[in-house]
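One-letter residues, chain by chain:
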Amino acid sequence: MSTIYLGTSQMTEKSWVASANDPGTDFPLQNLPFGVFRHGDRDRIGVAIGDRILDLDGCAQSGLLSALHEETLAACSANRLNSLMALGAAAWSAVRRQLTALLSAEQAGSETKNRVEPLLVSMRDASMQLPAAIGDYTDFYASIHHATRVGKLFRPDNPLLPNYKYVPIGYHGRASSIVVSGTEIRRPCGQIKPEGAEPVFAPSHRLDYELEVGIFVGPANSLGEPIPIAEAEQHIFGLCLVNDWSARDIQSWEYQPLGPFLAKDFATTISPWIVPLEALAPYRVPAFKRPEGDPAPLAYLRSPAANRDGIDLTLEVYLQSAKMQQAGAAPVMLSRGNLRDLYWSIAQLIAHHASNGCNLQAGDLLATGTISGPGAGSEGCLLEMQHNPQPIQLPGGESRMFLEDGDQVTFRAFASREGLPRIGFGECSGTVIGAAHA
Ligand code: MN
């Protein structure tokens, strides 16, 4: 298996980078997420440590990664993560072991520390880029709570379609409009059909977010060769946050019979740091327990590791309007959910996607679909809150049904457990700006 459980000493080990030991940091020594940053005029691969980024090309050039294989070393010096993703779990683990050794508190006062320190860049001085050249993007619908709540809006008596408990439902999205956190999101225009009237072409006035987790694909499978579910996680490089921005008024008019199209593909935001599955190993939990009476998954979706296919990852949505920002009001939390509530595990999504022989490639992005929990306060998008009698109230007297221009939506995520450092995902954030032909 790709995932290695660390010994207790490694799970609590400190770094000589002081900010990495702050209990509130997303990026302790045990996380080491991969990303691509621009500093000066060059894009480089880095890993996050506290409030710094360690420059991997710099480490490679300085001979600090000489224990790695030549091709791994070359992949660390690239300007996107695709080559490293393609190498597989053994290579990723080797890089992490090297970096852990370089950044460990045991190096305090050493010559190694003196060589590594100049290769740390402050996050404030770097701009994060897309981590990979994303060839293909697929979005699933893996939360039964989301599917049920949304289904209820359209079919109160029969919210869940009959295929849901058998098929991990998904659609092919668009890779070209995936942007990194911080990119402004222009309100899309499209065909909208008012109730009882002819359709018009106009700016969407029901703009929504969708809280999702992204899965970056590692090693490819060959065209025609499925990925057995027992091997599915070996094809996962790591996880990030995804906002699948959605124009509900465009969506409700265009989606039949072929599914999402222009209501979704105008922009998708991802967080810049990819958290390796290895870093999430201590937070694995059993897969979603199907209620009594639900069908068992078909054999190709039945995991031998179902007792740890889930991930206990808390996910949060925050909103700050332009008015709140001007008044200095902090973002408000709109909802909180957990990745473990998904009906379909990440291994099942990979195995299903490749089950027909479709070839996944290094750097492809799969997203889970909106992650919602069973209760109020865990809705992963605004659409699910439409049944509330009151619109969302914001500090300063504003209210929201859907997003307004100037609204900033930020997702955060973290895994935590007593006695272990918290593993965070950083931010997935975007601000809505006015439509092009308002
Ligand atoms: Mn979605």
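Owing to the predicted nature of the structure, the values given are computational and were not obtained by experimental measurement. (Residues numbered from 1 in each chain as written. Predicted model: local features only at pLDDT ≥ 70, side-chain atom pairs only at ≥ 80, totals over all residues. Heavy atoms only, no water.)

**A few points about the side chain of Gln 30**
Selection rule: A run of H or I in DSSP becomes a helix once it reaches four residues, and a run of E becomes a strand once it reaches two; helices and strands are each numbered from the N terminus. Residue contacts are defined here by distance: any two heavy atoms, one from each residue, within 4.5 Å place the two residues in contact.
Take Gln 30: it is sitting in the loop between helix 1 (8-12) and strand 1 (34-39). Leaving out residues up to four positions away in the same chain, Gln 30 has contacts with Gln 10, Met 11, Thr 12, Glu 13, Arg 96, Ala 279, Pro 421 and Ile 423.

**Let's talk about the nonpolar core**
Where we set the bar: Only buried residues count toward a nonpolar core. Its members are Ala, Val, Leu, Ile, Met, Phe, Trp, Tyr and Cys residues joined through side-chain atoms within 4.5 Å. Summary of the burial criterion: residues with accessible area below 20% of their type's maximum are buried, those above 50% are exposed, and those between are partly exposed, where the area comes from a 1.4 Å probe applied to protein chains only.
In this structure, Tyr 209, Leu 239, Leu 280, Leu 313, Leu 315, Leu 339 and Leu 403 are the most contacted members of the largest nonpolar core, which totals 65 residues. Counting residues per element, the ones that place at least two in this core are helix 7 (144-154), strand 13 (211-217), strand 14 (236-243), helix 9 (277-280), strand 20 (314-320), helix 11 (346-354), strand 25 (408-415) and strand 26 (423-433). Here this core takes 6 residues from helix 11, the largest share from any one element. Residues in contact with Leu 315, not counting those within four places in the same chain, are Leu 211, Val 213, Leu 241, Ser 335, Arg 336, Gly 337, Asn 338, Leu 339, Ile 371, Arg 412 and Ala 413. In terms of nonpolar packing, the next biggest core, distinct from the first, is built from 45 residues, Ile 45, Leu 81, Met 85 and Phe 237 among them.

**Side note on the environment of Arg 290**
Note the cut-off: Here a polar contact is recorded for every N or O atom pair within 3.5 Å, except that within protein the pair must consist of a potential hydrogen donor and a potential acceptor, and residues adjacent in sequence are included only if both atoms are side-chain atoms.
In this fold, Arg 290 is placed in the loop between strand 18 (284-285) and strand 19 (310-311). Assessed through its relative accessible area of 17%, Arg 290 is described here as buried. If we ignore the near neighbours within four places in the chain, the residues touching Arg 290 are Lys 165, Pro 295, Ala 296, Pro 297, Tyr 343 and Trp 344. A polar contact is formed between the side chain of Arg 290 and the side chain of Tyr 343, at a distance of 3.3 Å.

**Let's talk about the sheet that holds strand 2 (residues 42-49)**
Rule in force here: The rule for pairing is simple: two strands pair if DSSP sees at least two bridges between them. Helix axes are fitted to C-alpha atoms over the stretch in contact, other axes to C-alpha atoms as well, and angles between N-to-C directions run from 0 to 180 degrees.
The antiparallel open sheet is built from 5 strands, whose spatial order is 4-3-2-1-5. The sheet is open, and its two edges are formed by strand 4 (120-122) and strand 5 (127-129), each paired on a single side. Averaged over all neighbouring strand pairs, the angle between strand axes comes to 50 degrees, with direction disregarded. Two strands pair when backbone bridges link them, and strand 1 and strand 5 are joined in this way by 3 bridges, in the antiparallel orientation. Its bridge partner being in strand 5, Val 36 is matched across the sheet by Gln 129.

**A short note on the UniProt feature "binding site: substrate" (unreviewed entry) in the protein**
Inclusion rule: UniProt positions are given in the numbering used here, feature names are shortened, and annotations may be inferred rather than shown by experiment. For cavity detection a 1 Å grid was placed over the protein atoms alone, and a set of points counts as a cavity when a 1.4 Å probe fits there but cannot get out; an open set counts as a pocket when protein lies on both sides within 12 Å along at least five of seven lines, with lining residues being those that have an atom within 4 Å of a point.
Residues given the UniProt feature "binding site: substrate" (unreviewed entry) here are Tyr 141, Arg 155, Gln 251, Tyr 255 and Thr 370. In the annotation above, Tyr 141, Arg 155, Gln 251, Tyr 255 and Thr 370 are the residues that line the largest pocket. Tracing the backbone through its elements, the reader meets Tyr 141 in the loop between strand 6 (137-140) and helix 7. If we skip the residues at most four places from it in the chain, Tyr 141 touches His 146, Ala 147, Val 150, Tyr 164, Ile 169, Thr 368 and Gly 369. Here Arg 155 shows up in the loop between helix 7 and strand 7 (170-172). Arg 155 gets classed as partly exposed once you look at its relative accessible area, which sits at 28%.

**What to know about the pattern of salt bridges**
How we decide: By convention in these notes, a salt bridge is any Lys or Arg side-chain nitrogen within 4 Å of a carboxyl oxygen on Asp or Glu.
Taken as a whole and assessed by the stated rule, the structure comprises 22 salt bridges. For the salt bridge of Arg 422 with Asp 26, the shortest nitrogen-to-oxygen distance reads 2.7 Å. One end of the pair, Arg 422, is in the loop between strand 25 and strand 26; the other, Asp 26, is in the loop between helix 1 and strand 1, and 396 residues separate them in sequence. Close ionic contact of Glu 427 with Arg 412 constitutes a salt bridge, the shortest N to O distance being 2.9 Å. Residue Glu 427 is found in strand 26, and its partner Arg 412 is found in strand 25; the two are separated by 15 residues along the sequence. Among the ionic contacts, a cluster of salt bridges with common partners joins Asp 208, Glu 210, Asp 244, Arg 248 and Lys 264.

**Some details on the domain arrangement of the protein**
The test is simple: Note that the domain bounds were set by an automatic or database domain assignment. A quick way to say it: buried area is the sum, across both parts, of accessible area lost when two parts are put together, with a 1.4 Å probe. Each residue is assigned to one of three groups, with Ala, Val, Leu, Ile, Met, Phe, Trp, Tyr, Cys and Pro labelled nonpolar, Asp, Glu, Lys and Arg labelled charged, and all others, Gly among them, labelled polar.
Each domain of the protein was delimited in the assignment, giving domain 1 (10-129) and domain 2 (137-433). One C-alpha centre belongs to domain 1, the other to domain 2; they are set 29 Å apart. Between domain 1 and domain 2, the buried area comes to about 2200 Å², and carbon and sulfur atoms account for 67% of it. Counting across the domain 1 and domain 2 interface gives 3 salt bridges. Remark: the boundary between domain 1 and domain 2 carries 9 residue pairs in polar contact (both at pLDDT 80 or more). Mapped onto the side of domain 1 that touches domain 2, the elements with two or more residues apiece are helix 1, strand 1, strand 2, helix 4 (82-87), helix 5 (89-103) and strand 5. For the side of domain 1 that touches domain 2, the per-class residue count stands at 17 nonpolar, 11 polar and 2 charged.

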